[in-house]
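A closer look at the structure
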Amino acid sequence: MLGRKAVTYNHYFCFMIDSKKRKRKTEKGILGVPKRPMLFSFNVRQGEEWSSDSEDSDYIPSDEEISNTKRKVNRRKRIKNSKEQKPKESIVEKSTERSGVSLQLPEEILLKVFQELVNSQGTLPFLVRASKVCRTWRNVACDPTLWRKVDLSFGWIKMSERVLKWLCENRLTHCRDVNLSASKFFVNSNIKLLTETCSQLKVINISYCKVTTETIVTIAENCHQLTSLDLSFTPVDAVCLQSLKVLLPKHGLYLKQLTMGGNTYKSFNSVFNLILSHCPQLEMLDISNCLFSTDIVLVNVKKFQNSCPNLQILGLANSRIGVSQEPGLSSFPKLEQLSVAYNKPGDQPRSCLNLDLVTRILHDSPDLKLLDLRGNDNIDCYNLCNIDSNNVQSLHASNTATQRDGSQYQRLALLLTKWRRSLLELDLSWSTLREEDLNHAFKGLVNMTDHCPLSSLNLAGTNVTQETVSLVLNKCQDLTSVNLTSCRGMTRGFKREFQTAADVRKLRKELNSMDSSDSSN
């Protein structure tokens, strides 16, 4: 009987031990494999410690252990007291210690670094962000020489009258170039505050601003060193004869850049004569996209050339300007860019510009670099091979007229041969030249032994053949952009725009492989 009870008790005790083991969570390793407990080892497993003798009931610490414990306690107290007495470091001091040498540079060197960044990225928002780094950076960012050119058109600063007044008094006192384009904040009163405070302004851009005649008069009275002014796309009657009669007599002698495009003029001939009378140093004049009270405005080109001999850039795009008949010729000896492009909708009248006006303007202009004739369906650009410009770098002749007298390909070949050493951009898109005309013209270019620096070629919508394109690609190794969109003579898959140098290299390789396979067959 006793033995039976003992067996039952032992069975119950073993069952309780097994149930406790099941409830206990199994420890797993890094890879999820359960750890196997070691029965005995001389090395302590990672994450475990040897049991201390202090846990034993009969343990008595020695004098040496007691002294070590007291030292540790005293040391902790000293560290705690030193932390409480030490003053808190500011965020700027901590950042200075962490960043090291970069924030400890002399202010003269930082100023030069900031100047390079301002020249490449602009004043805003860089200087605003840099002034928040530390006190040294703030002092350098407040230097007036860094705020000479400011763009307030993008909206990096949330403008108000109080903010504008603070900027004018603390940052823009030495400002010389300010851009206010398309800003809704800068109306007459705010522009008056800006021009009264910033007395050194030389360049002002108020294009697309809601200004009035009073605004232009205010600029004329407050800005005494004005050399560049952008008045394009302003409200009707803002740029008129009344306002220009105040502006040009005061500043026309030193004015070098004048942009008046996109405006409506009631008496443009009077305005134009006022410009010729008071702006002898003008280097850039843009009167593109203008509307006139009459259908066509006639311009005396000879008087224009004699009045503005230093003109380098002339923009007449989308403006219906013609040439008045006057005897004799003059020139723009320093002219570099001429744009007479015409891109009006289909319901608008045709361009009134003709070859006579272009040849008169370009007479004796050896420094011409850019010529834009796009959309002029009454100008045959291939007749320009007789002009005195031998270093043209960009020719845009998209959708221009072509005289079919049998010599058109010869004239194009002469044009390409004349500018083969300087031409970088060539746009003949949507030309009506025949397939054989383009082939003969480009073969003349390919057969030249000189290096061809051409980098951009637009032949979209032309009758150019695949053979001609392959010859041009092999001759012009510097090409980085080729447009073959809607070219009827090209194989499907090549009728697209190749915008990178890698795409052009791939196109050249594929065309050469196709030519080699065709020749082998």
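In short, a report on the structure. Please read these numbers as outputs of a predicted model, since none were measured by experiment. In this numbering scheme, every chain counts its residues from 1 along its sequence in written order. Predicted model: local features are reported for residues with pLDDT of at least 70 only, side-chain atom pairs are reported and counted for 80 or more only, and whole-chain, interface and lining totals are derived from all residues. Think of the side-chain values as coming from all heavy atoms in the structure, minus any hydrogens and water.

1. Section: the overall build of the protein chain
For clarity, the cut-off: The way it works is that DSSP assigns letters per residue, a run of H or I at least four long becomes a helix, a run of E at least two long becomes a strand, and they are numbered from the N terminus. Three exposure classes are used, based on accessible area relative to the maximum for each residue type with a 1.4 Å probe and protein chains only: buried under 20%, partly exposed in between, and exposed over 50%. Every residue pair with non-hydrogen atoms within 4.5 Å of one another is taken to be in contact. Values of accessible area rely on a 1.4 Å probe in the Shrake-Rupley scheme; residue burial ignores everything except the protein chains shown.
A tally of regular secondary structure across the protein chain gives 17 helices and 18 strands. Relative to its full complement of 521 residues, the protein chain shows a buried share of 41%. Looking at the protein chain alone, contacts between residues at least 24 apart form 75% of all its contacts between residues at least 6 apart. As presented, the protein chain carries roughly 30,900 Å² of accessible surface, and 51% of it is formed by carbon and sulfur atoms.

2. Examining empty space enclosed by the protein
To keep things clear, this is the line we draw: Cavities and pockets were defined on a 1 Å grid built from protein atoms only: a cavity is a group of points that admits a 1.4 Å probe but offers it no way out, a pocket is an open group of points flanked by protein on both sides within 12 Å along at least five of seven lines, and a lining residue is one with an atom within 4 Å of any such point. Grid points are joined across faces, edges and corners, and a volume is the space filled by probe spheres set on the points. All residues other than Ala, Val, Leu, Ile, Met, Phe, Trp, Tyr, Cys, Pro, Asp, Glu, Lys and Arg, Gly among them, are scored as polar; the first ten of these are nonpolar and the last four charged.
The full count for this structure, using the stated rule, is three cavities of 30 Å³ or more. For the lining of the largest cavity, the secondary structure elements donating two or more residues are helix H12 (301-307) and helix H13 (355-361). When grouped by side-chain class, the residues that make up the lining of the largest cavity number nine nonpolar, no polar and no charged. Roughly 40 Å³ of internal volume is contained in the second largest cavity. In terms of lining residues, the second largest cavity is bounded by Leu416, Trp419, Arg420, Leu423, Leu426, Leu445, Cys452 and Leu454. Within the lining of the second largest cavity, the residues separate by chemical class into seven nonpolar, no polar and one charged.

3. Comments concerning unusual backbone geometry
A cis amide bond links Leu124 with the next residue in sequence, Pro125, at an omega value of 5 degrees. Counting through the fold element by element, Pro125 comes out in the loop between helix H4 (107-121) and helix H5 (126-130). Despite not being glycine, Asn289 shows a phi value in the positive range, around 55 degrees. With respect to the secondary-structure elements, Asn289 resides in the loop between strand S7 (284-286) and strand S8 (291-292). Residue classification places Asn289 among the partly exposed positions, given a relative accessible area of 32%. In this structure, Asp364 is a non-glycine residue whose phi angle is positive, near 55 degrees. Relative to the elements of secondary structure, Asp364 occurs in the loop between H13 and strand S13 (370-372). Overall, Asp364 belongs to the partly exposed group, its relative accessible area being 37%.

4. Notes on the packing of aromatic side chains
Applied cut-off: Each aromatic pair joins two rings of Phe, Tyr and Trp (for Trp, the six-membered one) with centres within 6.5 Å, and gets the label stacked for planes under 30 degrees apart, edge-to-face for over 60, and tilted for any other angle.
Across all of its chains, the model carries nine aromatic pairs by this definition. With a centroid separation of 5.1 Å and an interplanar angle of 75 degrees, the aromatic rings of Phe272 and Phe304 are classed as edge-to-face. Taken together, the residues span a long stretch of sequence, with Phe272 in helix H11 (residues 268-278) and Phe304 in helix H12 at a distance of 32 residues. In terms of burial, Phe272 and Phe304 fall into one category: buried.

5. Things to note about the nonpolar core
So the rule is basically this: We call a set of buried residues a nonpolar core when its members are Ala, Val, Leu, Ile, Met, Phe, Trp, Tyr or Cys and they connect through side-chain atoms within 4.5 Å of each other.
Counting residues in each nonpolar core, the largest one holds 126 residues, and the members touching the most others are Phe114 and Phe442. Here the element with the most residues in this core is H11; it accounts for six residues.

6. Comments concerning the pattern of salt bridges
Quick note on the threshold: Salt bridge, as used here, is a side-chain nitrogen of Lys or Arg placed within 4 Å of a carboxyl oxygen of Asp or Glu.
Scanning the entire structure with this criterion turns up six salt bridges. Residue Arg374 pairs with Asp372 through a salt bridge whose shortest N-O separation is 2.6 Å. Classification of Asp372 by relative accessible area gives buried; the value is 5%. With its nearest N and O atoms 3.6 Å apart, the salt bridge here joins Glu436 to Arg434. One connected set of salt bridges, linked through shared partners, spans Arg434, Glu436 and Asp437.

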